[in-house]
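# Descriptive structure summary
Letter by letter, the chains look like this.
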Amino acid sequence: MDKNFQEEQFTGIMKFTPPLYKQRYQFIKDLVGKYKPKKVADLGCADCTLLWMLKFCSCIEVLAGLDICASVMKEKMHRLSPLPVDYLQPAERSLTVTLHHGSVAHKDPCMLGFDLVTCIELIEHLEESELKKFPEVVFGFMAPSIVVISTPNSEFNPLLPGVTLFRHPDHKFEWNRAQFQSWALETARCYDYSVEFTGVGHPPTGMENVGFCTQIGVFVRKYPQTSESAQSEKPTEAVYKTVFKAVYPSLKDEKYLQNAVVSEVIFRAQIIKRSLLDCLMSEHEEYNDDPTERKSKFQPSMNCFSEDLGKLVVEKSMGPFVDGNMVYIPLKTIFSFPKVNRLCGTFEKLCKLIAGKVTLSSDGSAVMLNTEHENEEN
Ligand SMILES: C[S@@+](CC[C@H](N)C(=O)[O-])C[C@H]1O[C@@H](n2cnc3c(N)ncnc32)[C@H](O)[C@@H]1O
Ligand SMILES: [Mg+2]
């Protein structure tokens, strides 16, 4: 028996493991993993569960949902808001999530420029007049690189207990594989897409001829969109109503980048200061000399810092030192830490981001920390 399908005596209880809706969402997640789209729109997004799952895909920078029913979208849309952790540790990517109230039978410029458009269990809910307009809106107007459409495969229905006509009372139709494939092939031909058919929800052993429980068409646009074709028919009027918008904190935003860099610089400087003072104290104990005299001329060997995790190779000339009550940690040393390096990119950017936020030596080349605070803490 197939591993994701369990059945008892065929006419008895049948259930998919994982549940079919989860298999559909996982199919989309896998596709996102494969194609790495930046902008994804989910049409007929209902309670936004798929969008919520997709917000964790780090390639995605724009997520949009559309549904004709505003109340179902609003039910759990708070799940799409940033969490406290998103502010504490802003991600490197930017992410904007928007929900629109409207119909897939209408064009709206907010749906332009997407890489992937998903329509999961949507088309069978469309009235005949809406279904007629759907290809022109999705493939002609939105024209994303990839469209995924899933819909029930009616050939599987005899295996589902209790299903007489349709699987759901709101379904306007349910197609067999030949019907779906002929509609999909004609749509693909008309709008210059290729289409491949697959599905989720395997039939039980011996019943393979009925096909998947959910049939899926993956449409890929044949030619890259030219700016001319993208511009050719832009309606001036927005018809959808935006019901939700969240802009996630991101290191792409200078404000969050500055916070992250300043905290990292202070954190690194504190660690170096502590190692330096520990070295100083152990050398003092070893030689039993006058620590104040030693302190003022102390320039440690880099061995003191060799155990600092993740530190790049540091030249001896970059070494930190103590002068009087101040510890000087050269910015070059701090820049050599991988995380600081990655966040800033260039040394100039590091200097710019911390200017006015971190106390620097008069020539601006080193972070200055007071040794006094160290003693107060102890
Ligand atoms: C069966 S639900 C599928 C929900 C979701 N895609 C999923 O897979 O869990 C179909 C959704 O399509 C929405 N819908 C129906 N007609 C629509 C239309 N013309 N435009 C946009 N959404 C529509 C319904 O409100 C409903 O939320
Ligand atoms: Mg349905």
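Here the structure is shown first, and the text comes after it.
A brief structural summary. Each residue is numbered by its place in its chain's sequence as written, counting from 1. Here the convention is simple: chains get letters from A, ligands get numbers from 1, in the order in which they are written. Predicted model: local features are reported for residues with pLDDT of at least 70 only, side-chain atom pairs are reported and counted for 80 or more only, and whole-chain, interface and lining totals are derived from all residues. Excluding hydrogens and water, the side-chain figures rest on all heavy atoms present in the structure.

Attention now moves to the coordination of the magnesium ion (ligand 2). Bound to the magnesium ion (ligand 2) on the protein side are E124 (OE), H125 (NE2) and H171 (NE2), at distances that span 2.2 to 2.7 Å. Written as a sequence motif, the donor arrangement for the magnesium ion (ligand 2) is E-H-x45-H. With E124 in the loop between β6 (116-120) and α5 (128-142) and H171 in the loop between β7 (146-152) and α6 (177-190), this residue pair connects regions lying 47 residues apart in the sequence. Classification of E124 as buried rests on a relative accessible area of 0%. In this scheme, a residue with accessible area under 20% of its type's maximum is buried, one over 50% is exposed, and one in between is partly exposed, where area comes from a 1.4 Å probe on protein chains only. You can call H171 buried: its relative accessible area is 9%. Listed donors are limited to N, O and S atoms within 2.8 Å of the metal, widened to 3.2 Å for Na, K and Ca; water is not among them, so incomplete-looking sites are possible. Strands here are runs of E lasting at least two residues and helices are runs of H or I lasting at least four, both read from the DSSP assignment and numbered beginning at the N terminus.

Before going further, it helps to examine α5. How far a helix is expected to stretch is found by multiplying one less than its residue total by 1.5 Å. Here α5 contains 15 residues, and its C-alpha end-to-end distance of 20 Å stays within 8% of the 21 Å for a straight helix at 1.5 Å per residue. Fitting one axis to the seven residues ending at a residue and another to the seven starting there, the bend at that residue is the angle between the two axes. A maximum bend of about 30 degrees is found in α5 at F134, where proline P135 lies one to four positions downstream. Looking only at α5, the buried set comprises E130, L131, F134, P135, V137, V138, F139, F141 and M142. Here the buried face of α5 lies against β3 (39-43), β6, β7, α6, β8 (193-200) and β9 (214-221). Positioned one or two residues after α5, A143 has a phi angle of 45 degrees, which is positive. By the convention used here, residues are in contact when the closest approach between their heavy atoms is within 4.5 Å.

Strand order in the open sheet formed by eight strands is β8-β9-β7-β6-β3-β4-β5-β10, with mixed pairing between adjacent strands. In this open sheet, the two edge strands, each paired with only one partner strand, are β8 and β10 (241-247). Shown here is a sheet whose adjacent strand axes are inclined to one another by a mean of 15 degrees, direction ignored. Strands qualify as paired when DSSP identifies two bridges or more between them. Judged from the five bridges that link them, β3 and strand β4 (residues 62-67) form a sheet pairing that is parallel. Bridge pairing in β4 places D42 opposite G65. The convention used is that axes are lines fitted to C-alpha atoms, helices contributing only their stretch in contact, and that angles between N-to-C directions extend from 0 to 180 degrees. Across the sheet, α5 lies against β3, β6, β7, β8 and β9, angled at about 160 degrees from β7, the strand it touches most.

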